[in-house]
Amino acid sequence: QAQPVESGGGLVQPGGSLRLSCAASGLALGYYTIGWFRQAPGKEREAVACIRTKDGSTTYTYSVKGRFTISRDVANDTVYLEMNSLKPEDSAVYYCAIARVTWLSLAAAEYSNWGQGTQVTVSS
């Protein structure tokens, strides 16, 4: 149940790409679901994607399908979020979280360990 640590955020222009990393120790020792969430100023927290460490199955929120890809490297205790074709509305603080469940879930209440977040700003 180590706290995940996000990295890779930054400022990019619309249409650009960014790759976020989530370091979460102990993934090789059990099966969990890892999620990416985001929250923009004035908006509620929104689930982005999640991945099941057991088999790599994934699910995405509709707005990022075809643009974002979540993946995991269990051996290195890392989950990635590759973001392409970024839009200004993608700007937010992105959080990585760990759910101690074995099913896919985009419900924030399922997640018990949260990172501090990494800022993504898409602007020209």
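In what follows, the accompanying structure is described. (Residues numbered from 1 in each chain as written. Predicted model: local features only at pLDDT ≥ 70, side-chain atom pairs only at ≥ 80, totals over all residues. Heavy atoms only, no water.)

Details of the pattern of salt bridges
Any two side chains of opposite charge can pair if their charged atoms end up close together. Under the convention used in this document: Whenever a carboxyl oxygen of Asp or Glu lies within 4 Å of a side-chain nitrogen of Lys or Arg, that contact is scored as a salt bridge. For the purposes of this entry, the term helix denotes a DSSP run of H or I that reaches at least four residues, the term strand denotes a run of E that reaches at least two, and both are numbered from the N terminus. Each residue gets one of three labels from its accessible area relative to the maximum for its type: buried under 20%, exposed over 50%, partly exposed in between, using a 1.4 Å probe on protein chains only.
Scanning the model with the defined rule gives five salt bridges in all. With a closest N to O distance of 2.7 Å, Asp90 and Arg67 form a salt bridge. Here Arg67 lies in the loop between strand E6 (58-60) and strand E7 (68-73) and Asp90 lies in the loop between strand E8 (78-83) and strand E9 (92-99), a separation of 23 residues in the sequence. Arg67 matches Asp90 in its accessibility class, with the two residues each being buried.

Overview of the side chain of Arg38
Quick note on the threshold: Any pair of nitrogen or oxygen atoms within 3.5 Å is treated as a polar contact; in protein, a donor-acceptor pairing is required on top of that, and neighbouring residues in sequence qualify only through side-chain atoms on both sides. We call two residues in contact when some of their heavy atoms are within 4.5 Å.
For Arg38, the location among the structural elements is in strand E4 (residues 33-39). For Arg38, a relative accessible area of 6% gives the class buried. Among the polar contacts listed, one links the side chain of Arg38 to the side chain of Asp90, at a separation of 3.0 Å. Leave out the neighbours within four places in its chain, and Arg38 touches Glu44, Arg45, Glu46, Val48, Ser63, Val64, Phe68, Glu89, Asp90, Ala92, Val93 and Tyr94.

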